[in-house]
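Here is what each chain is made of, one letter per residue.
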Amino acid sequence: VSKQMLEHVLRELQPLCTAEKQFLEKFFQLSQDAADLQVLEVSMRTMSSPVPLAKEPTTRLLSEIFGCLEPELRGFLDVCNKVHPFGCLQVLVTLNDSIFETWGSSSALPLSFLNTVLGNVLLLAKSSFNKCIGTLCKEIEEAKMPSKMKGGILPSVSRFEEFVNFSEEVFRTARRRGELDKAHLRLAGSVFSSINSLSSANLKVNTDMVMMENFHHIHCFLCQKKIHCLEDKKREAKQRYSEHMEKYVVTYLGQPLEKLHHFFEGVKARVAQGVKEEEVSFQLAYSKQELRRVIDKYPGKEVKRALETLYRKTHKHLSPEENLLPVVWHAMEQEFIRQYREFEDLIQRCYAGSGIAMDFTMEDLLSYFNSITLSN
C-alpha cells in the first residue's frame, strides 16, 4: 500500500511543478532580458525571505512556492520505511525508478527544482537502506545459537535467505540494482562469518557437520537464485561444504576400525622417520603378532555391525531438511574403501609373505555398505 501511495505522490509531482513553472514563466514573462529579471528579483525579495542569487529565476520562485515539499516528502518516506522491516528497499526502488523516468524524459530536463528535491530525498533513501543493511549484518554476525541446537539450518542463514528472497522480489523490475548487489555481498560476508565462528562449545553435535549442512544449504539456495554478484560466494560455499564434509567423514570413520587405524598410523610414522618398510615388523609395537592381534578384533560381522551403528549415528546427526544422508554415506563408503586399500597396501609392503590378511575382502565391504543402504 505504501508503495502505491509513494508512486502516486511522485507521479503527481512532475505535472504539478511543470504546470506551475509554465504559469510563472508566462505570468512574470521570464523569457525577457537580464534587466527585467533583476526587477523580478527585487520584487521577490520584498515578498518573501531572501533567496540565493545563483539560482535561475524560475527555480527560485518554485523553491519559494514549494518550500515545504522536501520536508513533507522526507516525513512521508520516514512513514513508508516504518511500515515494513525492509520498507526502505521499496522506497529506494520506487524513488530510483521515478527519478530515472523524470530525468530520462526531455520535458523534465529544465525542471531543476524538482530534480534537486528528488535527488536529496534519494540520498536520504540510500542512507536509510545502508543503515538497514548495517543493522542486519550485525544481527546476522551476532546471532546467538539456540541453547538446544542439535544441528540443522542456523538462524543467521535463514535470516539471510529471508532478506534475499524479499529484496529480489522488490527489485525484480527495478531499473537499477547497484545498491542491492553491494548489500547482498555485505550480507553474504556476514553469514559466512557467522558460520565460521561456530565453536563446538555452542553445539551438541559435530561442528563440521553443522558447517557442512549450512554451506550446502547456502550453495543450493544461491544456485536456485542465480544472482550474478554472488557467483563467487556460491563457489566458496560449495568449496566450504566439501571441506567440512571431508572433515566430518574422516572424523567419524576413524571409529569402526579405530585400533587398526591407529596401528597403521604408527606404521606410517615409523616409515616416515626412516625405518625401512621390511624392517617395521621387527619393532615390538608393530610386529606380525601385534598386527594379527589387532586384525582379530575386526571380524567381518563386527565391521558390518560397526558400520550399521555409524549409519544410525550419521542419520541421527543430519537434519532431514538438507537430505545429505545419501551423499555423506557415499562419501563414507569411498573413504572406508580408501582406508581399506591403504591398510592392504601397507600389509603387502611391510609384512610381505606373512600371509596376514584382514578378515573381510573388498567384495565383503561393498556388500556391507550395499545392504545397509538398501535396508534403510
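Quick caveat: nothing in here was measured; it's all calculated off a predicted structure.

For helix α10 (residues 231-253), which comprises 23 residues, the first-to-last C-alpha distance of 33 Å matches the rise-based estimate of 33 Å (1.5 Å per residue) to within 8%. Of all the residues in α10, the buried ones are Lys233, Lys234, Ala237, Arg240, Tyr241, His244, Met245, Tyr248, Val249, Tyr252 and Leu253. On the buried face of α10, the contacting elements are α8 (178-196), α9 (207-225), α13 (300-317) and α14 (325-350).

Interhelical geometry of α10 versus α14 gives an angle of 60° and a closest axis separation of 10 Å. Regarding the angle of α10 to α14, the classification is oblique. Relative to α14, α10 is oriented so that their crossing is right-handed. On the side of α10, the interface is formed by Tyr241, Met245, Tyr248, Val249, Val250, Tyr252 and Leu253, while α14 contributes Val327, Val328, Ala331, Met332, Glu335, Phe336 and Gln339. Here the residues of the contact of α10 with α14 sort into twelve nonpolar, one polar and one charged.

When pLDDT is averaged along the chain, the result is 83; 80% of the residues meet or exceed 70. Low pLDDT, under 50, characterises residues 39-54; the predicted model gives this stretch 15 contacts beyond four residues in sequence or across chains. Predicted confidence for residues 106-110 stays below pLDDT 50, and this span has seven contacts to residues more than four positions away or in other chains.

Before going further, it helps to spend a moment on the pattern of salt bridges. Enumeration over the complete set of coordinates arrives at 20 salt bridges. With a shortest N-O distance of 3.1 Å, lysine 126 and glutamate 179 are connected by a salt bridge. One end of the pair, lysine 126, is in helix α6 (residues 112-141); the other, glutamate 179, is in helix α8, with 53 residues separating them in the sequence. Judged by its relative accessible area of 17%, glutamate 179 falls in the buried class. For glutamate 139, the salt bridge goes to arginine 159, with nearest N and O atoms at 2.4 Å. Separated by 20 residues along the polypeptide, glutamate 139 in helix α6 and arginine 159 in helix α7 (residues 155-170) bring together distant segments of the chain.

In this structure, serine 194 sits in helix α8. Residue classification places serine 194 among the buried positions, given a relative accessible area of 8%. Polar side-chain contacts of serine 194 include one of 2.9 Å to the backbone oxygen of valine 191. Residues in contact with serine 194, not counting those within four places in the same chain, are Ile140, Glu141 and Ser156.

Time to look at unusual backbone geometry. Phi angles above zero are rare outside glycine, and lysine 226 is one such case at about 55°. Position of lysine 226 among the secondary structure elements: in the loop between α9 and α10. Residue classification places lysine 226 among the exposed residues on the basis of a relative accessible area of 67%. Look at asparagine 323: it is not a glycine, yet its phi comes out positive at around 50°. Relative to the helices and strands, asparagine 323 is located in the loop between α13 and α14.

By the element assignment, serine 354 lies in the loop between α14 and α15 (362-375). You can call serine 354 buried: its relative accessible area is 16%. Within the structure, the side chain of serine 354 is placed 2.7 Å from the backbone oxygen of tyrosine 351, a separation counted as a polar contact. Excluding its chain neighbours within four sequence positions, the residues that come into contact with serine 354 are Lys288 and Arg292.

A separate point is the packing of helix α11 (residues 258-272) against α14. For the pair α11 and α14, interaxial distance at closest approach is 11 Å and the crossing angle is 50°. Taken together, the axis directions place α11 and α14 in an arrangement best described as oblique. In the packing of α11 onto α14, the handedness of the crossing is left-handed. From α11, Leu260, His261, Phe264, Val267, Lys268 and Val271 reach across to α14, where they touch Gln339, Glu342, Phe343, Leu346, Ile347 and Cys350.

Mapped onto the secondary structure, aspartate 232 falls in helix α10. Between the C-alpha atom of aspartate 232 and that of leucine 185, which follows or precedes it by 47 residues, the distance is 9.8 Å. Side chain to side chain, aspartate 232 and arginine 235 meet in a polar contact 2.5 Å long.

How each quantity is defined
- Residues numbered from 1 in each chain as written.
- Predicted model: local features only at pLDDT ≥ 70, side-chain atom pairs only at ≥ 80, totals over all residues.
- Heavy atoms only, no water.
- Helix = DSSP H or I, 4+ residues; strand = E, 2+ residues; numbered from the N terminus.
- Expected span 1.5 Å × (residues − 1).
- Buried < 20%, exposed > 50% of the residue type's maximum accessible area, 1.4 Å probe, protein only.
- Contact = heavy atoms within 4.5 Å.
- Axes fitted to C-alpha atoms, helices over the stretch in contact; angles between N-to-C directions.
- Parallel < 35°, antiparallel > 145°, perpendicular 65-115°, else oblique.
- Left-handed = near helix turned anticlockwise from the far one by under 90°.
- Nonpolar A, V, L, I, M, F, W, Y, C, P; charged D, E, K, R; others polar.
- pLDDT = per-residue confidence, 0-100.
- Salt bridge = Lys/Arg side-chain N within 4 Å of Asp/Glu carboxyl O.
- Polar contact = N/O pair within 3.5 Å; in protein donor to acceptor, adjacent residues only side chain to side chain.

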